[in-house]
Every structure is written in structure tokens, then in C-alpha cells.
Amino acid sequence: MSASGSRGGGKPKKLVLAVIDALKPEMLDRAVEHGRAPALKRLMDHGTFVRDCVSTFPSVTPVAAATIATGVGPDEHGIPSMNWYMRGEERYVEYGSSFEASRQFGFLRALYDTVYNLNMAHLSRSSPTVFERLQDAGVRTAGTTYLMYRGRTRHSALEGGLYGRLAKAGGFRHAVWGPDEFFYADLFDSRGTDCRSTLGMPGQRDQHAACVGAHLVENDLCDFMLLSLPDNDTHSHKRGPFAQVTSIASADRAIERVMHAAGGPDAFLEEYAVIVLSDHAQVAVSQSVNLLAEAFPDWKVLDAEGANADAEIAVCPSQRSAQVYVLDPDRRRELLPRIVRDLKVVDGVDVVAWREGPEAAVWTRRGELRLSPGGDLIDPRGGSWSVDGDLSALGLTVEDGRVDSESYPLALARLWSALACAHGGDVLVSASGSYEFMDWGGVAHVGGGSHGSLHRGDTHAALLMCGVDAPGVAATSQWSIEDVTPMVLEHFAVR
């Protein structure tokens, strides 16, 4: 079996990027050890497994998915969180923290933001996606249901059948631009198949991706496929991250089905390179925090309808992260210190960060510091930083001019990127330990798992590469999900 990145005639192998949402590296090890993930084990045996690939901050799916699809952080792609405040339209944006949260903001509004606006309006046009880059170079692309799909090919919403009629009745009539072959939760379908996802309901999405992926492979319809396998995240939210073996087994069966469409794993790996990636991990949640009640009971907080014109701040909880926006920019200097003060006394708040001119200020119970890019300290990916204050605030260690944190991987770069995001809040919050911030629907995953924080438990993603080379990345000492799109482009020699 060929392990190189090329096939006969010097052509690059076709490439499947499988994104297993919330895949925890330790649980992948356990699933393989228990014999529940034979397809992933085969890839591990013939490839490279990275157990500490760093996610974004916030480590929530929309932000991480945008980074995976573009290769840049939130300061460039513009997606700040799962729930955020859009200053230009003076309203909250909600991408589906929970059914209850979506209902608070208007269920159809939340769906419209997720299906259409996330890609067509909110994702920065100056950050092209992997689909756009590959299509511009003549590479055939395909994607299953994934939050980030923007590409060059126009796809009309389905009209026929039960799901098409339901989608039309819900207002999903507009076309989108995506990869050449595009299958999105029974709303968009670039060609007829027997694959159905029940409108993308949890528990149905992995099998839908497997069905579509097998069809694409069997009929040789793409050179690059983004195979989205999100059910692991839902399972882990409900049952906790240490119950992932069952959902990893489901994702493994999906990958195995795609392999068998090419004649089996050996035949598949002769033709295809594979990257398996998680967007973030999860930690177990045992306690919830209602920020509205515990940090801001005396504040005029913008309500979900945006109806209270006298509101001072907008509060945006997103699982184990949160953002606070000052609504009147002329009052920022007045209100920001009060916001920080009130957050500091809340149990479950671990990190509070905000901008002060050219610097970022960071508070934890261990101390405070300020940071800015361009100093003498070098992080594990070669970024340069200036840091002033108590290094223990972020568990930073400095040795021979190199700065790092075991507890908060790439903390300086990730905090700066989040604070520099044009759509981001004035104050960013990261939860501690086993805490989660209750969303606008009153939902938290107590007894289950969650993610979003700056801490390594949420942050360390799995990265598995087989048959793909990454010469520009391999020299670094710290992998990031930002490396995936450059790796894909390098594989296809796209500049």
C-alpha cells in the first residue's frame, strides 16, 4: 500500500478531510484499544497521530469550523462565537446553542443565520475557504453537512418531496454557493441519491455523511471531500466526554463505509489520502453559571428580542465561554471596568480578558498581566509577544526567550485573535474547571460534556494524517487546526 501523497502518473491522491466534532484524543486512544475503531486504527498505523492539536478560542464549533475551513483565526475570518451581538444590525446572532436558546431569539431567525448568514454574510470575504481556493485551481470539491461550506458553485434549495416542502415553508428558498458537490441536511442536494438525514437531526448526521461519502467515492465525483461527522459532539454533550467510545465507533463505521465504496481500506488508501480532525475537545460539566443572574443582575442587559432601548450591555454565553458587549461605544471606558469587576466575583469564571489600547489585559484569580504582539518572547508556533505582569495568571513559563503554557495552550495568540475579531465582544470570559455558562434558553450540559474555554481540556484536538505531507507545518513544535487548510492546499499544489 502506498503511503505517499501521490498516486499513479504523479497526480496527488484524492483527499478526504473527516471532521469528527469534539473528538477527544484520549477517547480515540480508548476506542482503538477496545477494538471499536478499526478504520481509524488503520489510519493511525499508517499515518501520524497528533494528540495536542490546538483549537481556537472560544473553542466552540462555529469559530473552530471557520478556522478549519479558512486556515486563519477569528481575527481574520470574523466569526466570534456561538452566540454573539451584531453591532451593525443591533441584534443577537445565535447559531444553535440549544433548541431552547434558538427559540428565545426566534427559531427561524437562528436557522437562517446558521444556514445562510454564517457563510454568506458573517464569514469574512477576505478569508477564502478551502473550497474556494481548490475550486479556483480546478480541483473537484465536495462537502457533507458542515457549518462552513462557502464555495464557487451555486446550489438551489430543494423543492420537491416532504423535506423540500418543509424547507420551503420555513423560508429556506434561497440558493447558496458551495463546493461542486454539496449535500446539506436535505436542504441542498447537488444530485439525487438515496441518502437522507431527516433535516440534519442529531443521530442521523453521521450515517447521512457516510451514505453521501460512499456515493461520491463510488462514482468518482470529487478530488477533495469534507466529510462532516458531528454526532460525537451531541452524544458527548448528553453523556459526557468519557462516553465517547460509542459515538467514535459510529464515526468509524461512517469512515469504513466510505472506504468500502472504493473496494476496501487497502484499495481506498491507494487512491486517497486522509486527514481526520476534531475541531475541539470536551470536558465533563458538573456545575452551571447563569451570568445574567450572577454577574449582571443590576445591569440593563439587552433582551433576546432587542426590545429594551435603554440596555447598556449585551451578554453572550456560549457554553464554556462568554462575551460581553458595551452597546454605547462612548460609554466603553466607563462601563468596561464595572463589567470586569462584576465578573471577577462569580464562581466558575476563570479568565477575563479585554483590550486596553494596543494591549490585551487578562485577569485570573492567580494574577493579572498584559500582552501584545511583537515582543521578545517566542511562542511554540514562532509568534512574538510582549508580556508584562504576573505570568502565573495564565500558567506561563519562560525559558531561553520561549513562552508557553501547559494549562492554556497558545494562550497569548488565541486570546489576541479573539480580542481582535471585529465581531467580538469587549470582554471575553472563559469558564473554570467543570463549569458551563447557561445559554439564553436556560440550558447547560450538567452531567454531560461541554467546551468553549481557553483551558487545554477543551482545546486539545485530535489530528490524524495518512498519505498527506505537510512540510511547511512539520517543523513547528505545536500543531493547530489552522494548519489543516494549508496542508490541503499543499497536497494539491495550490498556491
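(A) Here's a closer look at the overall build of the chain. The helix and strand inventory of the chain stands at 18 helices and 25 strands. A compact globule built from 495 residues would reach a C-alpha radius of gyration of about 23 Å, and the chain, at 22 Å, matches this within 12%. Dimensions of the chain, computed from the C-alpha atoms along their principal axes, are close to 65 × 60 × 40 Å. Split into buried and exposed, the 495 residues of the chain put 59% on the buried side. Of the contacts formed within the chain by residues at least 6 apart in sequence, a portion of 69% connects residues at least 24 apart. For the chain, the exposed area adds up to about 18,600 Å²; of that, 47% sits on carbon and sulfur atoms. In the chain, 47 side chains carry a positive charge and 64 a negative one; their mean positions are 4 Å apart.

(B) Here's a closer look at the packing of aromatic side chains. According to the stated counting rule, one finds 16 aromatic pairs in the structure shown. An angle of 40° between the planes, with centres 4.8 Å apart, marks the rings of Tyr-112 and Tyr-116 as tilted. Residue Tyr-112 and its partner Tyr-116 are both found in helix H6 (residues 107-122); the two are separated by four residues, about one turn of the helix. The positively charged end of Arg-338 is found above the aromatic ring belonging to Trp-299, 4.2 Å away from the centroid.

(C) Representation of the packing of helix H10 (residues 231-239) against helix H11 (residues 244-260). Where H10 contacts H11, the axes come no closer than 9 Å and their chain directions differ by 165°. The orientation of H10 relative to H11 falls into the category roughly antiparallel. Crossing of H10 over H11 shows right-handed handedness. The residues of H11 that touch H10, namely those facing Asp-231, Asn-232, His-235 and Ser-236, are Gln-244, Thr-246, Ser-247 and Ile-248. Its residues assigned to classes, the contact of H10 with H11 comprises one nonpolar, six polar and one charged.

(D) Inspection of the nonpolar core at higher detail. The biggest cluster of nonpolar side chains holds 81 residues, and the ones touching the most others in it are Phe-224, Phe-296 and Val-427. A per-element tally of this core places helix H3 (residues 61-70) first, with six residues. Not counting residues within four places of it along the chain, the set of residues in contact with Phe-224 comprises Leu-15, Leu-17, Val-130, Phe-131, Leu-134, Val-139, Arg-140, Thr-141, Ala-142, Val-488 and Phe-492. Residues Ile-20, Met-44, Cys-222 and Ala-462 belong to the second largest nonpolar core, which totals 43 residues.

(E) Spatial organisation of the state of the cysteines. Summed over the entire model, instances satisfying the criterion amount to one disulfide. Through a disulfide, Cys-195 is tied to Cys-211; the S-S separation comes to 2.0 Å. Taking the sign of the torsion about the S-S bond as the criterion, the disulfide between Cys-195 and Cys-211, at about -80°, is left-handed. Residue Cys-195 is found in the loop between strand E9 (188-189) and helix H9 (205-218), and its partner Cys-211 is found in helix H9; the two are separated by 16 residues along the sequence. With relative accessibility at 4%, the residue Cys-195 sits in the buried group. Judged by relative accessible area, Cys-211 falls into the buried class, the value being 14%. Cysteine Cys-53 remains unbridged, with the sulfur of Cys-466 as its closest cysteine sulfur at 17 Å.

(F) Here's a closer look at H3. Most of H3 is tucked away: 10 of the 10 residues are buried. Residues of H3 that are buried make contact with strand E1 (14-20), helix H4 (74-77), helix H7 (130-136), strand E11 (272-277) and helix H18 (484-491). At the C-terminal side of H3, Gly-71 shows a positive phi close to 80°.

(G) Region of the structure containing the environment of Asn-119. Positionally, Asn-119 belongs in helix H6. Residue Asn-119 is classed as buried on the basis of its relative accessible area of 0%. When the C-alpha positions of Asn-119 and Met-148 are compared, they lie 6.3 Å apart, and in sequence the two are 29 residues distant. Contact partners of Asn-119, with chain neighbours within four places excluded, come to Leu-147, Met-148, Tyr-149 and Arg-150. At 2.7 Å, the side chain of Asn-119 forms a polar contact with the backbone oxygen of Leu-147.

(H) Spotlight on a nonpolar patch on the surface. Judged by side-chain polarity, Phe-99, Phe-107 and Leu-108 come together as a nonpolar surface patch covering roughly 300 Å² of accessible area. Mapping Phe-99 onto the fold places it in helix H5 (residues 99-105).

(I) Local environment of the packing of helix H1 (residues 25-33) against H11. Interaxial distance between H1 and H11 falls to 9 Å at its minimum, and their mutual angle equals 75°. Our classification of the angle between H1 and H11 gives roughly perpendicular. Counted together, Met-27, Leu-28, Arg-30 and Ala-31 of H1 and Gln-244, Val-245 and Ile-248 of H11 form the full contact between these two elements.

(J) View of unusual backbone geometry. Cis rather than trans, the peptide bond between Phe-57 and Pro-58 has omega equal to -5°. The residue Pro-58 is located in the loop between strand E2 (48-54) and H3 in this model. Not every positive phi belongs to a glycine, and Ala-22 is a case in point at roughly 70°. Along the chain, Ala-22 falls in the loop between E1 and H1. Judged by relative accessible area, which is 0%, Ala-22 ranks as buried. Located in the positive-phi region is Ala-185, a residue other than glycine, with phi close to 50°. Here Ala-185 shows up in the loop between strand E8 (181-184) and E9.

(K) Quick peek at the sheet that holds E8. A sheet is described by the order of its strands in space; here eight strands give the open sequence E2-E25-E11-E1-E10-E5-E8-E9, paired in mixed fashion. Strands with a single pairing partner mark the edges of an open sheet, and in this sheet they are E2 and E9. Across two bridges, E8 lies against E9 in antiparallel orientation. Residue pairing in the sheet places Tyr-184 in a bridge with Phe-188 of E9. Against the sheet, H1 engages E2 and strand E25 (460-466), with an angle of about 155° to E2.

Calculation notes
Residues numbered from 1 in each chain as written. Predicted model: local features only at pLDDT ≥ 70, side-chain atom pairs only at ≥ 80, totals over all residues. Heavy atoms only, no water. Helix = DSSP H or I, 4+ residues; strand = E, 2+ residues; numbered from the N terminus. Rg over C-alpha atoms; globule rule 2.2 N^0.38 Å. Buried < 20%, exposed > 50% of the residue type's maximum accessible area, 1.4 Å probe, protein only. Contact = heavy atoms within 4.5 Å. Areas by Shrake-Rupley, 256 points an atom, 1.4 Å probe, with all protein chains shown as cover. Lys, Arg positive; Asp, Glu negative; His and termini not counted. Charge placed at Lys NZ, Arg CZ, Asp CG, Glu CD. Phe/Tyr/Trp six-rings, centres within 6.5 Å; stacked < 30°, edge-to-face > 60°. Lys NZ or Arg CZ within 6 Å of the ring centre and 35° of its normal. Axes fitted to C-alpha atoms, helices over the stretch in contact; angles between N-to-C directions. Parallel < 35°, antiparallel > 145°, perpendicular 65-115°, else oblique. Left-handed = near helix turned anticlockwise from the far one by under 90°. Nonpolar A, V, L, I, M, F, W, Y, C, P; charged D, E, K, R; others polar. Core = buried A, V, L, I, M, F, W, Y, C linked by side-chain atoms within 4.5 Å. Disulfide = S-S within 2.5 Å. Polar contact = N/O pair within 3.5 Å; in protein donor to acceptor, adjacent residues only side chain to side chain. Patch = residues over 30% accessible without salt bridge, like charges linked within 9 Å, V, L, I, M, F, W, Y side chains within 5 Å. Salt bridge = Lys/Arg side-chain N within 4 Å of Asp/Glu carboxyl O. Pairing = 2+ DSSP bridges.

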